[in-house]
Amino acid sequence: MTITGAPINRVDAWAKVSGAARYSAEHPVADVAHAVLVTSTIPSGRVLSIDDSAAREVPGVLLVMTHENALRLPPKMKDGKLQPPIGRRLTLLQEDDVYYNNQPIAVVVADTFERAREAGARLRIEYERKPAVLDFEQAKQSVHPPEKVLTEETDTKRGDLQAGLLAGSARIDVTYTTPVESHNPLETHATIAQWDGDRLTLYDSTQYMKGVQRIVASIFDIPPENVTAICPYVGGGFGSKGSVWSHVVLAAMAAKQLGRPVKLSLDRNQMFGPVGSRPNTEQRMRMAALSDGRMTASSHDTIAYTSMIEDWIEPCGLVTRMMYESPNQETSHRLARMHLGTPTFMRAPGEATGSYAQDCAIDELAYELHMDPLDLRLKNYTERDPGKDLPFSSKSLRQCYEIGAERFGWRDRNPQPRSMRQGHKLVGWGMATASYPTNRSPAECSATLTPDGTALFRSGTQDLGTGTYTVMTQVAADALGVPVDRVRFELGNSQMPEAPVSGGSTTVASVAPAVQAAGKALRLKLLGIAAADERSPLFGATADQVGVDAASDGGELYLLADPARREAMQAIAARHDGPVEVTAKAEPGDEKQKYSMHSFGAVFVEVTVDEDLGEIRVPRVVGVYGVGKLMNEKTGYSQLMGGIVWGIGLALFEETLIDQREGRAVNGNLAEYHVPTNADIQAIDVQIVDEDDPHVNPLGAKGIGEIGITGVGAAIANAVFHATGKRVRDLPITLDKLL
Ligand code: MOS
């Protein structure tokens, strides 16, 4: 029996739909006080004074915390800069400087939320203004390289780019731009902080409880075991909740100062600045190819904004280093400082934006060569990662292209732009390549057989709403050999065994092997108990002589040679003094030294463009992916489909518009920050190719959190060109850019 991979329903579905699932701001904490964050209204300068006299007239106000009276933190920790990028440079009211608009400058606490909000609005703040850099064109006059691009080099060079460009019979040199985007999960960031002496409990909406625990402990200079982070449910994170931002620490500071638990939820507008963004990018692509399509050169040079206080780079060029067999190549990443909040990870950071530039450039090159863009990709297909000079651990991209082209009907395409129409609508077909790296971190899991016969597994990981509870339950059931209803998987508390950040599409790859190891260890431990007890039917048995009967109630161990000799796990546990408990650890080996590991996929898109109005619609998308072993056909397909939906948003809707005078997002709300809604989404056909990868991790699962958004931007932009003959190199492709 294997339940892993089966399309079982979410084990947390009932809790979700009934409202029983508690999100961070919903945990009942006795005597909790309500805080609001007050943020700057200028982009650069200094807070001269904060007059709180009007605020204090609001009944129930308990604390107005500003840089003048805030708890002094141990000096080495005053800005929280510990281990970028997870530990960020924070603004913790230790100084009066303002580096961006919407930066935290005060916390107001009252007995109700409404009173706190009213009091916050009554603060009179005087600033000294300083000049601000808010124009990217101006900012990029002075750029600097980041230290690293994730763990990779900032710049790379292979062969001779100039010679390669000259050798081609067709070449392009084009620049693409993508806008600032802001994370907008339904649940905004929220923290409840509760002190008990020098012990701190944080109910925090986070993708990384262990990070919250360690970083907050360091800032207050207390042992990590004194801090407990609790987060059983996350209402979406998308990378924004992978870091500990200022409000988490500020809530804890206010609670300490007040001697009372404090709840602090960011409002929707505060999602636009103090908790990261996807930075805008400018990506120059150069490519050349021989007349048969063989690429002779490629380059990818990225400039992105970063804040005045920290370096964070959108790693756009990584996908170009590994995707095509280009012998002469250069890539680079540069940063331009602006008075904006520090950017951060947003779903497929680098790949979402970098694949847009790379796969539009390939499309442009294909038109120069009078070649089909899929054929051009196949011509430069590689089984080795040319950047790392390593074989891929597995790569099913060729099958993805084939299946996708077949399902979409790609070969019926007339390559001529403006050649296809339906009435007054132009029709365009475009395609692109999807990819995302496969990574893994060490993780631990405990397993114990409870008196009611349920096996309880625990790991300090997170469920961002994507299915961690469900797939870990499946893996645990298979490893132990029992039905899923005999397993409970718990997460969401930093006191549980070690687990990494739920980012980089690594939760399954990292935690599932630990869950699997714990299930196997628990089974062995039970067998050991039975084998050592002469009253057990399994007395004297060894592991290789024993099987598990999952069909029996709750799982029975039996002797392979004599199936009548059997005993239920629960009965075995009863022979043991105290709970039967194990903890297992799983960690990566040296596979990264031997293989380049990525998921791949192919995306085909049809768009229609209203010739008079410029309105773009996306009637159908076909996405075919090789992602190793899919852990749950239902949640997995949903996650890939969700990624495609976001890709449609990236291509057509999303953009944080910054006011050039004040540096504030002018569309900092869900009404004006456009994301796709049901009316924007039509047919999405997700397909998975069978892919066996023994190298990535024991489960062979590659991670599907991020690949879905990649490739979609380019496929849509390419389809829009095919429909209209107009090449829009600036996302999002809004109708004004077509008219
Ligand atoms: Mo993801 S952007 O690594 O949460």
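Data block above holds the structure.
Since the model is a prediction, treat every value here as computed from it, not as a measurement.

Student: Please explain the overall build of the protein chain as it appears in this structure.
Tutor: If you tally the helices and strands in the protein chain, you get 17 helices and 30 strands. In summary, the protein chain has a C-alpha radius of gyration of 27 Å against a globular reference of 27 Å for 739 residues, a match within 12%. For the protein chain, the residues scored as buried account for 62% of the 739 residues in total. A sequence separation of at least 24 residues applies to 80% of the contacts in the protein chain between residues at least 6 apart. When the 75 basic and 93 acidic side-chain charges of the protein chain are each reduced to a single mean position, those positions are 1 Å apart.

Student: For this particular structure, what's the right way to read the pairing of strand E20 (residues 425-437)?
Tutor: Within a regular strand, the side chains alternate between the two sheet faces. With 12 of its 13 residues buried, E20 lies for the most part within the structure. Looking at chain direction, strand E19 (residues 420-422) and E20 are connected through 3 bridges and run antiparallel. Note on E20: the bridge partner recorded for Arg-421 is Leu-426. The pairing of E20 with strand E28 (residues 598-610) spans 13 bridges and is antiparallel. Along E28, the bridge assignment pairs Ala-434 with Gly-601.

Student: Just to check I follow, could you spell out the nonpolar core for this structure?
Tutor: Nonpolar side chains tend toward joint burial in soluble globular proteins. Ranked by size, the top nonpolar core spans 81 residues in total, and within it Phe-604, Val-605, Val-607, Tyr-625, Ile-716 and Ile-733 carry the most contacts. When residues in this core are grouped by element, the largest group, 9 residues, is from helix H9 (residues 351-369). Formed by 49 residues, the second largest nonpolar core is a distinct cluster that contains Ile-8, Met-472, Leu-480 and Ala-512.

Student: Sorry if this is basic, but what is going on with H9 here?
Tutor: An α-helical turn contains 3.6 residues, so a residue and the one three or four places further along point in the same direction. Under the 1.5 Å per step criterion, the end-to-end length of H9 is 26 Å for 19 residues, consistent within 8% with the ideal 27 Å. Taken across its 19 residues, H9 has 17 buried, putting it largely inside the fold. His-370 occupies a position one or two residues after H9 and carries a positive phi of about 55 degrees.

Student: Teacher, can you tell me more about helix H16 (residues 633-652) here?
Tutor: The end-to-end C-alpha separation of H16 is 29 Å, in line with the 28 Å expected for 20 residues at 1.5 Å each. Between the side-chain oxygen at the start of H16 and the backbone nitrogen of Lys-634 there is a gap of 2.7 Å, and the oxygen is on Asn-632.

Student: Mind showing me how you'd approach the sheet that holds strand E10 (residues 190-196) here?
Tutor: By definition, the strands of a sheet pair up through backbone hydrogen bonds, in either a parallel or an antiparallel sense. Read from one edge of the open sheet, 7 strands run E3-E5-E1-E13-E10-E11-E12, paired in mixed fashion. Looking at strand neighbours, the two that pair on one side only are strand E3 (61-66) and strand E12 (227-230), the edges of this open sheet. Neighbour to neighbour, the strand axes of the sheet diverge by 20 degrees on average, direction disregarded. Inspection of the sheet shows strand E1 (residues 33-39) paired to strand E13 (residues 262-265) by 3 bridges, in the parallel sense. Opposite Ala-33, over in E13, you have Val-262 as the bridge partner. Relative to E1, helix H3 (residues 113-121) is tilted by about 25 degrees, and along the sheet it contacts E1, E3 and strand E5 (104-110). Each of E1, E3, E5, E10, strand E11 (199-204) and E13 touches helix H7 (residues 246-258); the most contacted strand, E10, lies at about 35 degrees to it.

Reading the values: rules and limits
- Residues numbered from 1 in each chain as written.
- Predicted model: local features only at pLDDT ≥ 70, side-chain atom pairs only at ≥ 80, totals over all residues.
- Heavy atoms only, no water.
- Helix = DSSP H or I, 4+ residues; strand = E, 2+ residues; numbered from the N terminus.
- Rg over C-alpha atoms; globule rule 2.2 N^0.38 Å.
- Buried < 20%, exposed > 50% of the residue type's maximum accessible area, 1.4 Å probe, protein only.
- Contact = heavy atoms within 4.5 Å.
- Lys, Arg positive; Asp, Glu negative; His and termini not counted.
- Charge placed at Lys NZ, Arg CZ, Asp CG, Glu CD.
- Pairing = 2+ DSSP bridges.
- Core = buried A, V, L, I, M, F, W, Y, C linked by side-chain atoms within 4.5 Å.
- Expected span 1.5 Å × (residues − 1).
- Polar contact = N/O pair within 3.5 Å; in protein donor to acceptor, adjacent residues only side chain to side chain.
- Axes fitted to C-alpha atoms, helices over the stretch in contact; angles between N-to-C directions.

Note that all results are geometric; they support no functional claim without further evidence.
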